[in-house]
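Okay, here's what each chain looks like letter by letter:
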Amino acid sequence: MKKIFICLILFMIAAFVWVPLWMLSSGTLMGPGELSENLAPVLESGDGFAAWPIFARYPTFQAYAELLFDTPQFFNVFWNSCKQVFPIILGHIVLGAPAAWAFARFDFRGKKVLYTLYIVLMLMPFQVTMVSSYLVLNKLGLIDTAWAIILPGVASTLPVFIMTRFFMTIPGAVTEAAAVDGASPIQTFLRLGIPLGAPGILSAVVLGFLEYWNAMEAPQAFLKDQTLWPLSLYMANITADNAGVSLIASLITLMPPLLIFMFGQKYLEQGIISSGMKD
């Protein structure tokens, strides 16, 4: 009886997750007239409830053709997202991993103070640092450029925190044996730290991709030119006239994070577990 109750609870939770996804998928096959009829009480009058059938009455790929062949702005914003997110993730690996290794394996003056500062910065919401970041980026002439999103993203402290906790779980005997064999600190990091800490690095990559692919506040604050906007800002204004295109754009926008999460779920779980371990 207890197992049946637990299964029922899990089914209800899964339904809350999958029903919106099903509605999104089925909505992409509805024609303009059907979508307008279903969404008009919400998008036009604003005083009713939207109707949403399980399946489209008259399935059509008209909205797909309109988005993929007649909406070049979509490809522009998709490319903007790629140009902003992938350099940030690369920066997390190139800069964050060595910093995390130093925190985890080396003792140096001011280490605890610096690490505490990292944690404080990690806990600060974007709204706290938005004004100061804007002033610095404006002084450097980076407002309205992709670098206004990339550079603050690369300097994020969360990946360093996650990778540091994971590097701490590597047995000290392993690095000591490498030192005895004559390996330099850089060689130890490249040949042992990265392979053994790969799950922690990948978990930071997954979290970073999910965060910056869906980021809205930083692009809105630092990018005035709408031609530089990423996908996360493309669906800001949904009306009954463009609902079909917006639904398909939302579905396509969802695909990369979903694939990244499915690929890195195992590493993400390991990273979260290691981040909660004590020294």
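These lines cover the structure that appears in this document, whether it is placed above or below. (Residues numbered from 1 in each chain as written. Predicted model: local features only at pLDDT ≥ 70, side-chain atom pairs only at ≥ 80, totals over all residues. Heavy atoms only, no water.)

With their axes 8 Å apart at the nearest point, helix H4 (residues 72-105) and helix H8 (residues 158-167) run at an angle of 45° to one another. The angle between H4 and H8 places the two elements in the oblique class. Note that H4 runs across H8; the crossing there is right-handed. Of the residues in H8, those in contact with His92, Gly96, Ala97, Ala99, Ala100, Trp101, Phe103, Ala104 and Arg105 of H4 are Pro159, Val160, Met163, Thr164 and Phe167. (Axes fitted to C-alpha atoms, helices over the stretch in contact; angles between N-to-C directions. Helix = DSSP H or I, 4+ residues; strand = E, 2+ residues; numbered from the N terminus. Parallel < 35°, antiparallel > 145°, perpendicular 65-115°, else oblique. Left-handed = near helix turned anticlockwise from the far one by under 90°. Contact = heavy atoms within 4.5 Å.)

If you look at the biggest cluster of nonpolar residues, it comprises 26 residues, and the most contacted ones within it are Leu67, Val85, Leu137, Ile149, Trp213 and Phe222. Broken down by secondary-structure element, the contributors of at least two residues to this core are helix H3 (62-70), H4, helix H7 (147-154), helix H11 (198-213), helix H12 (217-222) and helix H13 (243-275). Top contributing element to this core by residue count: H4, with 6 residues. Among residues more than four places away in sequence, those in contact with leucine 137 are Leu142, Ile143, Ala148, Pro152 and Phe222. Formed by 14 residues, the second largest nonpolar core is a distinct cluster that contains Ala99, Phe103, Ile170 and Ala204. (Core = buried A, V, L, I, M, F, W, Y, C linked by side-chain atoms within 4.5 Å. Buried < 20%, exposed > 50% of the residue type's maximum accessible area, 1.4 Å probe, protein only.)

Given 3.6 residues per helical turn, the α-helix brings residues three or four places apart onto the same face. Under the 1.5 Å per step criterion, the end-to-end length of H11 is 22 Å for 16 residues, consistent within 8% with the ideal 22 Å. Buried within H11 we find Pro199, Gly200, Ile201, Ser203, Ala204, Val205, Val206, Gly208, Phe209, Tyr212 and Trp213. (Expected span 1.5 Å × (residues − 1).)

Let us now look at the environment of lysine 266. With respect to the helices and strands, the residue lysine 266 is situated in helix H13. The exposure class assigned to lysine 266 is partly exposed, which follows from its relative accessible area of 49%. In the structure, lysine 266 is positioned 67 residues away from proline 199 in sequence and 8.2 Å away in space, judged by C-alpha atoms.

Glancing now at the pattern of salt bridges. Considering all chains together, one arrives at 1 salt bridge under this definition. In this structure, lysine 111 and aspartate 107 form a salt bridge, with 3.5 Å as the shortest nitrogen-oxygen distance. By relative accessible area, lysine 111 is classed as buried at 19%. (Salt bridge = Lys/Arg side-chain N within 4 Å of Asp/Glu carboxyl O.)

Packing of H4 against H7 leaves a shortest axis separation of 8 Å and a crossing angle of 25°. Between H4 and H7, the angle is such that the two are roughly parallel. For H4 against H7, the interelement crossing comes out right-handed. Contacts between H4 and H7 involve Lys83, Gln84, Pro87, Ile88, Gly91, His92 and Leu95 on the former and, on the latter, Ile149, Ile150, Gly153 and Val154.

Our focus in this paragraph is the side chain of threonine 164. Relative to the helices and strands, threonine 164 resides in helix H8. Here valine 160 takes part through its backbone oxygen, which lies 2.6 Å from a polar atom of the side chain of threonine 164. Beyond its immediate sequence surroundings of up to four residues, threonine 164 is in contact with Ala100, Phe103, Ala104 and Tyr115. (Polar contact = N/O pair within 3.5 Å; in protein donor to acceptor, adjacent residues only side chain to side chain.)

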